[in-house]
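# Commentary on secondary and tertiary structure
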Amino acid sequence: MAGLESHYSARDIEARILAALRAVGLNPEQRLLPEALAALDHFHTGGLRASRELIKLAKIQAEDRVLDIGAGLAGPARFLASTIGCRVDCLEMSPDFCAGAALLNRLTGLDDKIQMHRGSALNLPFPDDSFDVVWMQNVGMNIADKRKLYAEIYRVLKPGGRYAFQEMAAGKMATSYFPLPWATDPADSCLVSAEGMRALLDESGFMLEIFDDTSDVQVTAAAVSSPPPAAAKAQLSLGVYVDNLAQKAGNAKRSLEEGQIRLVRGVFLAK
Ligand SMILES: C[S@@+](CC[C@H](N)C(=O)[O-])C[C@H]1O[C@@H](n2cnc3c(N)ncnc32)[C@H](O)[C@@H]1O
């Protein structure tokens, strides 16, 4: 987990978020639009674009009850709630991220649609058959016990429910550039190959609907996307709570380009 820890207390992270919002001219006294926060609160490869694509692939509807595991600051959950209209439960192990997420839920007026829960993906605090969709972006890389993780996801999904995810998978060579955004050193990084992930999901009872390797799309998108204006980039970004962001992001990009890691996404059905 070392790569993900924000090193800030709940109060510090709230203060840092408020300062970053004001620095780019967003007024926390007025209701904020979720999309205006995307550079800060979509803490995964591909940002808002990747979330938008995953919503379409998983065919999420207003009446779906969604669980976002490892929700971070809950940017994807707010995007789901505001664009689709569904209710989202967020499960997050870090108390500072939970505090930051609750603040942003309030500032966007979405706290009636999103509920934060502090806890572990390996022991989900929900009854069986609770959700239509379990959503997870860039979280599995920190979870070694994938059998237990998939068993928990399967347990809380209703029959026919969808597990929609994206995460990094192991490539053909060992990861050699550290720190990465999810891992300070190799001991923190729990990657399996795409084939291994698919086999584990199959053994856990899931049925494949979609399973894509989007590494090339991501490498191309990173190469062609124009960066936001320098001031906004520096002040409203993951750097508000991730140390050494440029170095970690650079290492992830290089690892993807060289095939040490792969970016996969999928939608699997619970039977
Ligand atoms: C890279 S961030 C992704 C946040 C969010 N999914 C997003 O895309 O914006 C990974 C998050 O997963 C959380 N996390 C990692 N392992 C977890 C676990 N076992 N249980 C619950 N949350 C976990 C971390 O605290 C962190 O907030």
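## What to know about the overall build of the protein
Tallying secondary structure elements over the protein gives 10 helices and seven strands in all. Every one of the 271 residues in the protein was classed for burial, and the buried ones make up 45%. Across the protein, contacts joining residues at least 24 apart in sequence account for 78% of those joining residues at least 6 apart.

## Concerning helix α10 (residues 245-257)
Look at α10: 18 Å from first C-alpha to last across 13 residues, which is about the 18 Å you get at 1.5 Å a residue. What α10 keeps buried is the set K248, N251, A252, S255 and L256. The arc that holds every buried residue of α10, seen down its axis, measures 135°, which confines them to one face. Among the residues trailing α10, G259 stands out with phi positive, at a value near 80°.

## Topic: the site of the ligand
In the vicinity of the ligand there are 23 residues, among which F43, H44, G70, G72 and A121 approach most closely. For the shell around the ligand, the secondary-structure elements that each account for two or more residues are α4 (75-83) and β2 (87-92). In terms of residue class, the shell around the ligand is made up of 12 nonpolar, 10 polar and one charged.

## Some thoughts on the sheet that holds strand β5 (residues 157-170)
The seven strands are arranged β3-β2-β1-β4-β5-β7-β6 in an open sheet whose pairing can be described as mixed. At either end of the open sheet lies a strand with only one pairing partner, and these are β3 (114-118) and β6 (206-213). Going across the sheet, the axis of each strand differs from the next one's by a mean of 15°, ignoring polarity. Packing of helix α3 (residues 47-58) onto the sheet brings it into contact with β4 (131-137), β5, β6 and β7 (261-270), and relative to β5 it is tilted by some 145°. Along the sheet, α4 makes contact with β1 (65-69), β2, β3 and β4, crossing β2 at roughly 175°.

## Details of the pairing of β7
For β7, the buried fraction is high: eight of the 10 residues fall into the buried class. By the bridge criterion, nine bridges tie β5 to β7 in an arrangement that is antiparallel. Within the sheet, the bridge partner assigned to A169 lies in β7 and is R262. One ladder, built from seven bridges, connects β6 with β7; its direction is antiparallel. Bridging from a neighbouring strand, D213 pairs with V264 of β7.

## Digging into the environment of G46
Position of G46 among the secondary structure elements: in the loop between α2 (38-41) and α3. Judged by local crowding, G46 falls into the buried class, with 22 C-beta atoms found within 10 Å.

## A look at the confidence of the model for the protein
Confidence in the prediction for the protein averages 93 pLDDT; 92% of positions are at 70 or higher. Per-element confidence in the protein ranges from a low mean pLDDT of 60 for helix α9 (residues 230-235) to a high of 99 for β1.

## Some points on the environment of R87
Take R87: it is sitting in strand β2. As for R87 and A77, which are separated by 10 residues in sequence, their C-alpha atoms are 8.7 Å apart. Sequence-distant contacts of R87, that is, excluding residues within four places in its chain, are made with R65 and K113.

## With respect to helix α6 (residues 146-156)
Listing the buried residues of α6 in full gives L149, Y150, E152, I153 and V156. Along α6, the residues classed as buried sweep out an arc of 160° about the axis, all on the same side. Contacts from the buried residues of α6 go to β1, β4, β5 and α7 (194-203).

## Concerning the packing of helix α1 (residues 10-23) against helix α5 (residues 95-107)
α5 packs onto α1 with a crossing angle of 40° between their chain directions and a minimal axis gap of 8 Å. Regarding the angle of α1 to α5, the classification is oblique. Our pair here, α1 against α5, has a crossing hand that is right-handed. Every residue of α5 that contacts α1 at A10, I13, E14 and I17 is listed here: P95, D96, A99, G100, L103 and L104. Across the contact of α1 with α5, the residue classes tally to seven nonpolar, one polar and two charged.

Conventions and cut-offs
- Residues numbered from 1 in each chain as written.
- Predicted model: local features only at pLDDT ≥ 70, side-chain atom pairs only at ≥ 80, totals over all residues.
- Helix = DSSP H or I, 4+ residues; strand = E, 2+ residues; numbered from the N terminus.
- Buried ≥ 20, exposed ≤ 12 C-beta atoms within 10 Å, placed from the backbone.
- Contact = placed C-beta atoms within 7 Å.
- Expected span 1.5 Å × (residues − 1).
- Arc of directions from axis to C-beta.
- Near = placed C-beta within 6 Å.
- Nonpolar A, V, L, I, M, F, W, Y, C, P; charged D, E, K, R; others polar.
- Pairing = 2+ DSSP bridges.
- Axes fitted to C-alpha atoms, helices over the stretch in contact; angles between N-to-C directions.
- pLDDT = per-residue confidence, 0-100.
- Parallel < 35°, antiparallel > 145°, perpendicular 65-115°, else oblique.
- Left-handed = near helix turned anticlockwise from the far one by under 90°.

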